[in-house]
Amino acid sequence: MIGISKPQISEEEINAVRDVLNSGNIVQGEKVREFENNFSSYCGIKHGVATSSGTSALEVALRALDIGKYDEVITTGFSFIATANCIMYTGATPVFADIDSRTFNIDSDKIEEKITEKTKAVIVVHLYGQPCEMGKIMAICKKHNLKLIEDACQAHGAEYKGRKTGSFGDISCFSFYATKNITTSEGGMCLTNEEDLHKKMKLLINHGMDQQYKHEILGYNYRMTDIQAAIGIEQLKKLNKFNEKRIKNAGFFNEKLRDIEWVSLPFVSPGCRHVFHQYTLRILNNKRDQFLKYLNENHIGARIYYPVPIFKQPVYKKLGYNIELSNTEKACEEVISIPVHPGLTKEDLEKISKKITEFKS
Ligand SMILES: *Cc1c(COP(=O)(O)O)cnc(C)c1O
């Protein structure tokens, strides 16, 4: 099977983990500090707080911004469920805005109509590695005095007008889960330029502990370990190379698939560096599920990200959500992602495009 993702782990990561294990300091220490510094500077941001996952990073971001009960947070329904769940954890209410059908990202023209006096923040998701329209979105947040959180869990190293995703929000959140553009196995990070938010997030991930056994605020154990950070430090050195390979693979598919009339190729926003966390097609002949089955039977690990809008998931339906957002629903019906990761060989790429071309539509 050609997998939809494949962690790129080699000697450097293995040696780095061995060194940490041999050192005896296997929980949070120097390696986490180093990874926080390296990753935040890579993104052009002053402070990084490593976390146990992308999900905990998102929750910590909202908590640090004092978002909770009676507040509303505007976001997209076309994402991994963690984007909305983190809002629920705080007691606040996710309010879903529709997506732009070309980029799959939140439509900046549909944000303002969702703003009420309860709205406190916007969480944008750079889905599949494609940056959102940050210029417009930042202007809206500024105009209405809303906090901006970037869910950059799929967009390590992506760029909007030459600036890295994760460098626009009051806080931005990354995941280093095994399938992401770089990994620490599980792990995440919050970035911010604001010193007070940085301090608060450091407390939040460590039981609000300022000095030993002096707990200032209600916190969590959301810490990353040095074992994970050691992997992250090595992965970060390779991030540009990994992303270049993803972009090259995407270019290969664009070339091979461009004449298939029932397929719509991924759009790349002008002025953006799309890092192809996923290479996602729209299938226009109503045979998406048949096509998925065909690819899987041919040992190509295609997947649907995401088959159901977050607000239509059983958990959200039970919470009383009963909304329709047409672009989100249509995307859920039409999208399919094919392997694009840096571990693909020339033969893999040839096989994938050949099988797609041969599909009897
Ligand atoms: C992966 C992901 C998350 C959650 O990250 P975890 O590390 O799995 O908790 C959140 N949002 C998006 C868009 C993601 O892709």
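Just so you know, these numbers come straight off a predicted model, no measurement behind them. (Residues numbered from 1 in each chain as written. Predicted model: local features only at pLDDT ≥ 70, side-chain atom pairs only at ≥ 80, totals over all residues. Heavy atoms only, no water.)

Time to look at the overall build of the protein chain. Looking only at helices and strands, the protein chain has eleven helices and 15 strands in total. Here the protein chain has a C-alpha radius of gyration of 20 Å; the compact-globule value for 361 residues is 21 Å, and the two agree. Each principal axis of the C-alpha distribution contributes one length, and for the protein chain these read about 65 × 55 × 40 Å. The long-range share in the protein chain, meaning contacts at least 24 apart out of those at least 6 apart in sequence, stands at 71%. Carbon together with sulfur atoms contributes 50% to the accessible area of the protein chain, which is approximately 16,000 Å² in total. Counting 48 positive and 45 negative side-chain charges, the protein chain places the averaged centre of each group 2 Å from the other. (Helix = DSSP H or I, 4+ residues; strand = E, 2+ residues; numbered from the N terminus. Rg over C-alpha atoms; globule rule 2.2 N^0.38 Å. Contact = heavy atoms within 4.5 Å. Areas by Shrake-Rupley, 256 points an atom, 1.4 Å probe, with all protein chains shown as cover. Lys, Arg positive; Asp, Glu negative; His and termini not counted. Charge placed at Lys NZ, Arg CZ, Asp CG, Glu CD.)

Attention now goes to a nonpolar patch on the surface. Taken together, the side chains of Leu21, Ile26 and Val27 present a nonpolar region at the surface, about 270 Å² in accessible area. The topology assignment puts valine 27 in the loop between helix H1 (11-23) and helix H2 (30-43). (Patch = residues over 30% accessible without salt bridge, like charges linked within 9 Å, V, L, I, M, F, W, Y side chains within 5 Å. Salt bridge = Lys/Arg side-chain N within 4 Å of Asp/Glu carboxyl O.)

Glancing now at the site of the ligand. Around the ligand lies a shell of 16 residues, among which Gly54, Thr55, Asp151, Ser175 and Lys180 are the nearest. Contact between the ligand and aspartate 151: a nitrogen atom at 2.8 Å from a side-chain N or O atom of the residue. Protein chains shield 93% of the accessible area of the ligand, which is 380 Å² for the free molecule. Residue contributions to the shell around the ligand peak at three residues, all from helix H3 (residues 54-64). Of the residues belonging to the shell around the ligand, the class tally is six nonpolar, eight polar and two charged. (Near = heavy atom within 4 Å. Polar contact = N/O pair within 3.5 Å; in protein donor to acceptor, adjacent residues only side chain to side chain. Nonpolar A, V, L, I, M, F, W, Y, C, P; charged D, E, K, R; others polar.)

Residue position: asparagine 298 is located in the loop between helix H8 (288-297) and helix H9 (314-318). For asparagine 298, a relative accessible area of 19% corresponds to the buried category. Within the structure, asparagine 298 has its side chain in polar contact with the backbone oxygen of tyrosine 294 (distance 2.9 Å). When residues no more than four places from it in sequence are discounted, the contact partners of asparagine 298 are Lys351 and Lys355. (Buried < 20%, exposed > 50% of the residue type's maximum accessible area, 1.4 Å probe, protein only.)

Among the five residues in strand E1 (residues 47-51), five count as buried, and that is most of the element. Residues His47, Val49 and Thr51 point to one face of E1 and Gly48 and Ala50 to the other, with burial holding for every one of them. Of the strand pairs in this sheet, E1 and strand E9 (residues 188-192) are connected by five bridges, and their pairing is antiparallel. Residue pairing in the sheet places valine 49 in a bridge with cysteine 190 of E9. (Pairing = 2+ DSSP bridges.)

Moving on to the packing of aromatic side chains. Following the criterion strictly, the structure yields 23 aromatic pairs and no others. Aromatic side chains phenylalanine 253 and tyrosine 279 sit 5.3 Å apart centroid to centroid with 50° between the ring planes, which places their arrangement in the tilted category. Placement of the pair is phenylalanine 253 in helix H7 (residues 226-257) and tyrosine 279 in strand E14 (residues 279-283), with a sequence separation of 26 residues. Using a relative accessible area of 0% as the deciding quantity, one classes phenylalanine 253 as buried. Look at tryptophan 262 and phenylalanine 291: their rings are 5.2 Å apart centre to centre, the planes differ by 80°, and that puts the pair in the edge-to-face class. Taken together, the positions of tryptophan 262 in the loop between H7 and strand E12 (263-264) and phenylalanine 291 in helix H8 put the pair 29 residues apart, joining distant regions of the chain. (Phe/Tyr/Trp six-rings, centres within 6.5 Å; stacked < 30°, edge-to-face > 60°.)

A few words on the sheet that holds strand E15 (residues 335-338). The antiparallel open sheet is built from three strands, whose spatial order is E12-E14-E15. Sheet topology places E12 and E15 at the edges, where each strand pairs with a single neighbour. Bridge analysis of E12 against E14 gives two bridges, and the strand direction is antiparallel. When the bridges of E14 are listed, valine 263 appears paired with isoleucine 283. Sheet contacts for H7: E14 and E15; angle to E14, the most-contacted strand, approximately 25°. (Axes fitted to C-alpha atoms, helices over the stretch in contact; angles between N-to-C directions.)

Moving on to the pattern of salt bridges. Opposite charge on two side chains lets them pair, provided their charged atoms get close. All chains considered together, the criterion is met by 27 salt bridges. As a salt-bridge pair, lysine 164 and glutamate 159 come within 3.4 Å of each other at their nearest N and O atoms. For lysine 164, a relative accessible area of 17% corresponds to the buried category. For glutamate 159, a relative accessible area of 21% corresponds to the partly exposed category. Across the pair glutamate 358 and lysine 354 runs a salt bridge, and its minimum N-O distance is 3.1 Å. With glutamate 358 and lysine 354 both in helix H11 (residues 346-358) and four residues apart, the pair spans about one turn of that helix. With a relative accessible area of 35%, glutamate 358 lands in the partly exposed category.

Ordered in space as E1-E9-E8-E5-E4-E2-E3, the seven strands form an open sheet in which the pairing is mixed. For this open sheet the edge positions go to E1 and strand E3 (93-97), each flanked by a neighbour on one side alone. Neighbouring strand axes in the sheet, compared pairwise and without regard to direction, differ in orientation by 25° on average. The pairing of strand E8 (residues 171-175) with E9 spans four bridges and is classified as antiparallel. Each bridged residue has a counterpart across the sheet, and for phenylalanine 174 the counterpart in E9 is methionine 189. Most of the contacts of helix H4 (residues 82-89) go to E3, to which it runs at about 150°, and overall it touches strand E2 (72-76), E3, strand E4 (119-125) and strand E5 (147-151).

So, on to the packing of H3 against H4. Orientation of H3 relative to H4, taken along the N-to-C sense of each, is 45°, at an axis distance of 9 Å. The angle between H3 and H4 falls in the class oblique. You can see that H3 and H4 cross each other, and the crossing is right-handed. Contacts between H3 and H4 involve Thr55, Leu58, Glu59, Leu62 and Arg63 from the first element and Ala82, Thr83, Cys86, Ile87 and Tyr89 from the second. (Parallel < 35°, antiparallel > 145°, perpendicular 65-115°, else oblique. Left-handed = near helix turned anticlockwise from the far one by under 90°.)

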